[in-house]
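Inside the fold
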Amino acid sequence: PKTASNCRRLALQRNVLDADDDGVAIFWRQDVFEAQSIDYLVFDDPKRFQGAVRVVLKHINKDMELAVVATHLSSGQAAKDQAKRLKECTGSSLSESGAADGPSLTEWFSDSAAARPTLMCLDSNASPDSDKQVWRALCNMCDGSVKS
């Protein structure tokens, strides 16, 4: 069953009752890490309502933080599917108001990585050989510090 989510809430605000909001999850050991914050990013897609989740974790015994970002990009191998994945990576996300004026996934990740070590976990639904634009965007999220 689907659980309540920001994606589902925004879908209902737009009267999209059959929105597909495949989810992602981040799990951690509570005896090792404590969650400092949990944030959500919702992709601007009126039918799918997908997004990303970010958890900032603090190691209990060390003065160390780590962020984990998880997302699941759209599937399909057609050119329109590749364009959709590129938009999910580089296009504006939905803000709390539902307007498409939030940060892109790449901006969101880069901001997180500038503040602390950040791990990206994703199902890209594409290989680097078949979807070069998306992978280039993903690999250059930290101002080009990661090269493909």
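Structure's up top.
None of the values given here were measured: they were computed from a predicted structure.

Now for the sheet that holds strand β1 (residues 33-43). Hydrogen bonding along the main chain pairs the strands of a sheet, whether they run parallel or antiparallel. Read from one edge of the open sheet, five strands run β4-β1-β2-β3-β5, paired in mixed fashion. The open sheet has two free edges, formed respectively by β4 (93-94) and β5 (118-123), since each of these has just one partner strand. Running over the sheet, helix α3 (residues 105-115) touches β1, β2 (51-59), β3 (65-72) and β5 and is turned about 155° from β5.

Moving on, we get to helix α4 (residues 132-139). Among the residues of α4, those classed as buried are Val134, Ala137, Leu138 and Cys139. Along its buried surface, α4 packs onto α2 (79-90), α3 and β5.

Let's shift gears to the pairing of β2. Counting buried residues along β2, eight of its nine residues qualify, which places the element largely inside the surrounding structure. The pairing of β1 with β2 spans nine bridges and is antiparallel. Paired with tyrosine 40 across the two strands is valine 53, which belongs to β2. As paired elements, β2 and β3 share seven bridges and run antiparallel to each other. Bridge assignment links arginine 54 to a residue of β3, and that residue is valine 69. Taking the residues between adjacent antiparallel strands as the criterion, β2 and β3 are bridged by five residues.

What counts and what doesn't
Residues numbered from 1 in each chain as written. Predicted model: local features only at pLDDT ≥ 70, side-chain atom pairs only at ≥ 80, totals over all residues. Heavy atoms only, no water. Pairing = 2+ DSSP bridges. Helix = DSSP H or I, 4+ residues; strand = E, 2+ residues; numbered from the N terminus. Contact = heavy atoms within 4.5 Å. Axes fitted to C-alpha atoms, helices over the stretch in contact; angles between N-to-C directions. Buried < 20%, exposed > 50% of the residue type's maximum accessible area, 1.4 Å probe, protein only.

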